[in-house]
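# Results of the structural survey
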Amino acid sequence: MMFSRFPIFAYVVGIICYSTCILALSRTGYQVEGQCKTAGVCRCQFENGYEINLLPLSSTTGPYFPKINEELPSGYLYSFDPCHDFTTPFCESNTALCQVNVSASSGVGCGKAQKSYFDYPKDDPNNTVVLVYPNGTSDNGRQRATIAILLCDEAAASPKIGVEYDSHDLVYFISLESKYCCPVKSSANAKASKTVLSPGSILLIVSFTLVFCYIFVGVLFMKFRRGAQGMEIIPNYGFWSSLPGLIKTGVLFTVHCGKVPSSQYDKL
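Report on the accompanying structure. It should be emphasised that the depicted structure is a prediction, and the values quoted were computed from it without experimental measurement. (Residues numbered from 1 in each chain as written. Predicted model: local features only at pLDDT ≥ 70, side-chain atom pairs only at ≥ 80, totals over all residues. Heavy atoms only, no water.)

## Section: the pattern of salt bridges
Summed over the entire model, instances satisfying the criterion amount to 2 salt bridges. We note a salt bridge from Arg43 to Glu51, for which the minimum N-O separation is 2.9 Å. The exposure class assigned to Arg43 is partly exposed, which follows from its relative accessible area of 25%. Note that Arg144 and Asp139 form a salt bridge whose closest N and O atoms lie 3.7 Å from each other. Relative accessible area serves as the criterion here: at 28%, Asp139 is assigned to the partly exposed category. (Salt bridge = Lys/Arg side-chain N within 4 Å of Asp/Glu carboxyl O. Buried < 20%, exposed > 50% of the residue type's maximum accessible area, 1.4 Å probe, protein only.)

Here's what the structure looks like:
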């Protein structure tokens, strides 16, 4: 065989084709970069265009979560909306979290959504994103504040929420578990990504275009210029018919670490 002395050629061609397909077809999950910086009320953005947007968990007609901890015997009932301040008969001033003392039929505001900002707990290796609601109702010169801990659960059909109260520091801790707490591509970046081809896609398009031109022009040349008939109109038919043997030789070359059995080579 005239090409049997080139096993490396077949090996390199195989690697190029495999790498091209993997580059074009592979998909990975989201990977955020940097910290999520506040980009509006209940919305923050990472450096690579991902964002967390809690707006689907909000209501403009009242608290999205009207009765939190209702089943617990704590004596307190909470209402919460991540994105909008609201008022209730017990919390007459605008607030994002309202704490109601059930036995006393009174309530206090625990933080404002309009003043909220995103932050990160200190010494947290997971970089958990939290949403801080300051400027709550004062008590002996100290203002209440609320910290919502955002827990990502892409499979959650409905959000899960709970509230704990630190009466010493007047801080309320909300655990909010939802798919909307997960980073997603922002709408602007999602539209841009739809219109921009990946490097692998461009490489595939160029490769298939070149292959088509090679076959089409080659057939015309062999048919009308050389007068070839049958299978001989295929450009470089001798090479392509021997390609399976080249690939086999390349595989053996790789498996045997470059020591291809002598039977694979033509005797001089």
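## A word on the state of the cysteines
Covalently bonding the sulfur atom of one cysteine to the sulfur atom of another cysteine gives a disulfide. In total, this model carries 4 disulfides according to the counting rule given. Residue pairing for Cys36: its cysteine sulfur links by disulfide to Cys44, the two sulfurs lying 1.9 Å apart. Between Cys36 and Cys44, the disulfide has an S-S torsion of 95° and is therefore right-handed. Given the relative accessible area of 3%, Cys36 is considered buried. You can call Cys44 buried: its relative accessible area is 0%. The residue that forms a disulfide with Cys42 is Cys83, at a sulfur-sulfur distance of 2.0 Å. Every disulfide takes its handedness from the sign of the S-S torsion; for Cys42 and Cys83 that torsion is 100°, giving right-handed. (Disulfide = S-S within 2.5 Å.)

## Thoughts on unusual backbone geometry
Positioned with a positive phi, Ser105 is a non-glycine residue whose angle comes to about 50°. Here Ser105 lies in the loop between strand 6 (97-101) and strand 7 (106-109). Of note in this structure, Leu170 is not a glycine but carries a positive phi near 55°. Topologically, Leu170 is positioned in the loop between strand 13 (160-166) and strand 14 (171-178). (Helix = DSSP H or I, 4+ residues; strand = E, 2+ residues; numbered from the N terminus.)

## Concerning the sheet that holds strand 13
Taken in spatial order, the 5 strands of this open sheet run 8-9-12-14-13, and their pairing is mixed. Either end of the sheet is taken by a strand with one partner, and the two such strands are strand 8 (117-119) and strand 13. This sheet shows a mean twist of 25° between the axes of neighbouring strands, independent of strand direction. Where strand 12 (residues 145-152) and strand 14 come together, 8 bridges link them in parallel fashion. Each bridged residue has a counterpart across the sheet, and for Thr146 the counterpart in strand 14 is Tyr172. (Pairing = 2+ DSSP bridges. Axes fitted to C-alpha atoms, helices over the stretch in contact; angles between N-to-C directions.)

## Comments concerning the nonpolar core
The biggest cluster of nonpolar side chains holds 29 residues, and the ones touching the most others in it are Ile52, Leu54 and Leu150. Of all elements in the fold, only strand 3 (50-53), strand 4 (65-68), strand 5 (76-80), strand 9 (130-133), strand 12 and strand 14 reach the threshold of two or more residues within this core. For this core, the leading source of residues is strand 14, giving 3 residues. Not counting the four nearest positions on each side in its chain, Leu150 is found in contact with Ile52, Leu54, Phe118, Thr128, Val129, Leu176 and Cys181. (Core = buried A, V, L, I, M, F, W, Y, C linked by side-chain atoms within 4.5 Å. Contact = heavy atoms within 4.5 Å.)

## Re a nonpolar patch on the surface
Taken together, the side chains of Val211, Tyr214, Ile215, Met231, Ile234 and Trp240 present a nonpolar region at the surface, about 530 Å² in accessible area. Sort the elements by how many residues they give to the nonpolar patch and helix 3 (residues 199-225) lands first, with 3 residues. Residue class for Ile234 comes out partly exposed when judged on its relative accessible area of 31%. (Patch = residues over 30% accessible without salt bridge, like charges linked within 9 Å, V, L, I, M, F, W, Y side chains within 5 Å. Areas by Shrake-Rupley, 256 points an atom, 1.4 Å probe, with all protein chains shown as cover.)

## Thoughts on helix 3
Across its 27 residues, helix 3 extends 38 Å between first and last C-alpha, which sits within 8% of the 39 Å expected from 1.5 Å per residue. Where helix 3 is concerned, the buried positions are Gly200, Leu204, Gly218 and Met222. Residue Gly227 follows helix 3 closely and has a positive phi angle near 70°. (Expected span 1.5 Å × (residues − 1).)

## Section: the sheet that holds strand 6
Overall, antiparallel pairing links the 4 strands, which are arranged 4-5-6-7 in an open sheet. At either margin of the open sheet sits one strand with a lone partner, and together these are strand 4 and strand 7. Put simply, the sheet's adjacent strands are angled 20° from each other on average, direction ignored. Bridge count for strand 6 against strand 7 is 4 bridges, and the pairing is antiparallel. The residue bridging Gln99 from the neighbouring strand is Val108, located in strand 7.

## Details of the environment of Asn53
With respect to the helices and strands, the residue Asn53 is situated in strand 3. For Asn53 and Pro183, which are 130 residues apart along the polypeptide, the C-alpha to C-alpha distance reads 8.1 Å. Every residue in contact with Asn53, bar those within four places of it in the chain, is listed here: Cys42, Arg43 and Tyr180. At a separation of 3.0 Å, a polar atom in the side chain of Asn53 contacts the main-chain amide nitrogen of Leu55. (Polar contact = N/O pair within 3.5 Å; in protein donor to acceptor, adjacent residues only side chain to side chain.)

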